[in-house]
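An overview of the molecular structure
Each chain is listed here by its residues.
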Amino acid sequence: MNVILLGPPGSGKGTQAERLESRLDFIHIASGDLFRDNLKNKTRLGKVAQSYMDRGQLVPDDITIRMVRNRLEQLDSHRSVLLDGFPRTIAQGQALEQILLELGRELSAVIYFQVPEEVIVKRLSGRFICRECQTPFHTEFSPFTECPHGKCNGEFLYQREDDKPDTVRERLRVYIRETRPLIEFYRRTGLLIEIDGNMPMDEVTASIMSKIAILDERMSDEQALRAREG
Ligand code: AMP
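Let us look at the structure shown here. Since the structure is predicted, the reported quantities are computational estimates derived from the model, not experimental observations. (Residues numbered from 1 in each chain as written. Predicted model: local features only at pLDDT ≥ 70, side-chain atom pairs only at ≥ 80, totals over all residues. Heavy atoms only, no water.)

**Points about helix H9 (residues 201–229)**
Think of an α-helix as 3.6 residues a turn; residues three or four steps apart then line up on the same face. Stated formally: The secondary structure listing takes helices from DSSP runs of H or I that are at least 4 residues long and strands from runs of E that are at least 2 residues long, numbered from the N terminus. Under the convention used throughout, the expected extent of a helix is 1.5 Å for every residue step, that is, one less than its residue count. When a residue's accessible area, from a 1.4 Å probe over protein chains only, is under 20% of the maximum for its type it is buried; when over 50% it is exposed; and in between it is partly exposed. Residue contacts are defined here by distance: any two heavy atoms, one from each residue, within 4.5 Å place the two residues in contact.
In this model, H9 (29 residues) spans 42 Å end to end at C-alpha, consistent with the 42 Å of a helix rising 1.5 Å per residue. Within H9, the full set of buried residues consists of Val204, Thr205, Ser207, Ile208, Ile212 and Leu215. On its buried side, H9 packs onto helix H1 (13–24), strand S2 (26–30), strand S4 (109–114) and strand S8 (192–196).

This is the structure we're talking about:
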């Protein structure tokens, strides 16, 4: 199964992807994490990406597409994939179609997280992350009380450069201009599944899991039918 998680920054794609990865045996590929890994390892790609990321802008398509293609090529072809944060432009969506085709994969669904803009700004600008273990906290919704690993007293918490209020607003502008057109792009393919991303986290997970279960069943039926016919 190849599933895209689509939605504005801060709509909960990353959190849900991690939950689905552990419960449903998906490989989670987050383009933002791939860039941040490059940044941490001080690669050339990381250096190029940083200037865009810090300003809340998109890294150019050719660089992003090459990076995601490399990651997908490394995977065992039988593993299911959850793409989080990619594609973010129509050009990336078209490139993804071609990459999946070349790898013998087929897009199964696009899960679109609907979250109102004011909720996004509140979620992102209150987010603080532990530099040591990457655990996210939130000044209002999940303030730091103790380290889940018992290793610190919150001294490693930092705010991502791109979670600062001005940059959050720029990321939203970029989302509206570049990424939102993908909703129509995928609606036309009949693969778009809309989820209310403003529900409590557990309800969002349950809702996605039930949609994926239906999809899984349908794909198994189709496979069985093809096997019988073939
Ligand atoms: P994220 O963690 O998904 O919010 O991504 C953080 C930043 O990485 C974004 O603001 C962009 O600068 C960059 N980025 C992540 N995914 C993409 C993408 N598909 N296309 C271009 N830039 C991206």
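**With respect to the state of the cysteines**
The criterion, for reference: Working definition: a disulfide is two cysteine sulfur atoms within 2.5 Å of each other.
By the definition in use, this model includes 0 disulfides. The thiol sulfur of Cys130 is not disulfide-bonded, and the nearest other cysteine sulfur, from Cys133, lies at 3.8 Å. Left unpaired, Cys147 is separated from the closest cysteine sulfur, that of Cys152, by 4.1 Å.

**Points about the layout of surface pockets**
The following threshold applies: Put plainly, a pocket is an open set of points on a 1 Å grid over the protein atoms alone with protein on both sides within 12 Å along at least five of seven lines, a cavity is a set where a 1.4 Å probe fits but cannot get out, and a lining residue has an atom within 4 Å of a point. Grid points are joined across faces, edges and corners, and a volume is the space filled by probe spheres set on the points. In this classification, Asp, Glu, Lys and Arg are treated as charged, Ala, Val, Leu, Ile, Met, Phe, Trp, Tyr, Cys and Pro as nonpolar, and every other residue, Gly included, as polar.
Here the second largest pocket defines a volume of roughly 570 Å³. Along the walls of the second largest pocket sit 23 residues, with Glu106, Leu107, Ser108, Met219 and Glu222 positioned nearest its centre. Of all the elements in the fold, those that place two or more residues in the lining of the second largest pocket are S8 and H9. Looking at which element gives the most residues to the lining of the second largest pocket, the answer is H9, with 8 residues. For the lining of the second largest pocket, the residue count by class is 9 nonpolar, 7 polar and 7 charged.

**Considering the packing of aromatic side chains**
Stated precisely, the cut-off is as follows: Each Phe, Tyr or Trp ring, with Trp reduced to its six-membered ring, pairs with another whose centre is within 6.5 Å; inter-plane angles below 30 degrees give stacked pairs, above 60 give edge-to-face pairs, and intermediate values give tilted ones. A positively charged side chain is recorded as over a ring if its NZ (Lys) or CZ (Arg) lies within 6 Å of the ring centre. The angle to the ring normal must also be within 35 degrees.
Overall, the coordinates contain 2 aromatic pairs when judged by the stated rule. Judged by centre distance (5.1 Å) and plane angle (70°), the ring pair of Phe137 and Phe144 falls under edge-to-face. For Phe137, a relative accessible area of 11% puts it in the buried group. For Phe144, a relative accessible area of 23% corresponds to the partly exposed category. An angle of 85° between the planes, with centres 4.9 Å apart, marks the rings of Phe185 and Tyr186 as edge-to-face. With respect to burial, Phe185 and Tyr186 carry one shared label: buried. Its guanidinium or amino end placed over the ring of Tyr52, Arg55 lies 5.5 Å from that ring's centre, counting from NZ or CZ.

**A look at the nonpolar core**
The cut-off we apply is this: Residues belong to one nonpolar core when they are buried, are Ala, Val, Leu, Ile, Met, Phe, Trp, Tyr or Cys, and are joined through side-chain atoms within 4.5 Å.
Formed by 31 residues in total, the largest nonpolar core has its most connected members in Ile4, Ile29, Leu72, Leu96 and Tyr186. By residue number, the principal contributor to this core is helix H4 (residues 61–73), which donates 5 residues. The contacts of Ile29, once residues within four sequence positions are left out, are Leu34, Arg71, Leu72, Leu75, Val81, Leu82, Leu83 and Asp84. Formed by 16 residues, the second largest nonpolar core is a distinct cluster that contains Leu5, Ala17, Leu82 and Ile111.

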